[in-house]
Amino acid sequence: MLEDPDELAVLEEIQRELILQEQSVIEEYERSLQFDEECLNAMLDGLDASDKVICPVCRKNNLTVRNHLVLCQCGLYISTQGMTEGKLRSLLENTVTEHSHRCFHNPEFTVTSGMEEEASLLMSCPVCDSWTILL
């Protein structure tokens, strides 16, 4: 048991410093949570009510689906048959979800030209070495 007043004072000072350090960490964590919540709310506010599909290649612009074509301002231009925005959204979501069951890394999307020189949308993952032709 400690009875020396100097030792008790040192231990009390250490305890106070630890408590202050813990409070500082908690405050920083709460600020980080608040920032994350504000970012999430801003992203949700920015979503278009028409539920557009964001281009998986550039991840900036909305895709346009019309007249058997899938288009993006970034240059994506793919011929399709019977594609709608809803079908395209579902295809992208399902394919990415299926990939996430096997691999924790985000896949990459690119436009490639096949043997017939028709452009295709390819999803690939360099981590698990998988690839899928979507369109």
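Going along each chain's sequence as written, the residues are numbered from 1 onward. Two thresholds apply to this predicted model, a pLDDT of at least 70 for residue-level local features and 80 or more for giving and counting side-chain atom pairs, whereas whole-chain, interface and lining totals are computed over all residues. Heavy atoms from the whole structure form the basis of all side-chain values; hydrogens and water molecules are not counted.

A closer look at the confidence of the model for the chain
1) Next: For the chain, per-residue confidence averages 83 on the pLDDT scale, and residues scoring 70 or more make up 88% of the total.
2) Next: The predictor rates its confidence in each residue with pLDDT, a number between 0 and 100. A helix here means a DSSP run of H or I that spans at least four residues, while a strand means a run of E at least two residues long, and both kinds are numbered starting from the N terminus. By mean pLDDT, strand 6 (residues 130–133) is the weakest element of the chain at 83, and strand 2 (residues 69–71) is the strongest at 87.

Things to note about the state of the cysteines
1) Next: What counts as a disulfide here is a pair of cysteine sulfur atoms lying within 2.5 Å. With the rule as written, the count across this model stands at 0 disulfides.
2) Next: Summary of cysteine pairing: C103 is not part of a disulfide, and the nearest cysteine sulfur, belonging to C125, is at 3.8 Å.
3) Next: Classification of C103 by relative accessible area gives buried; the value is 7%. Categorising residues by exposure relies on relative accessible area from a 1.4 Å probe, with only protein chains included: less than 20% of the type maximum marks a residue as buried, more than 50% marks it as exposed, and the intermediate range marks it as partly exposed.

Describing the pairing of strand 5 (residues 119–125)
1) Next: Extensive coverage of strand 5 is indicated by the burial of 6 of its 7 residues.
2) Next: Following DSSP output, two strands are said to pair if at least two bridges run between them. Examined bridge by bridge, strand 5 and strand 6 share 4 bridges and lie antiparallel to one another. Looking at the pairing, C125 lines up with S130 of strand 6.
3) Next: The hairpin turn running from strand 5 into strand 6, its antiparallel successor, is 4 residues long, and D129 in that turn takes a positive phi close to 55°.

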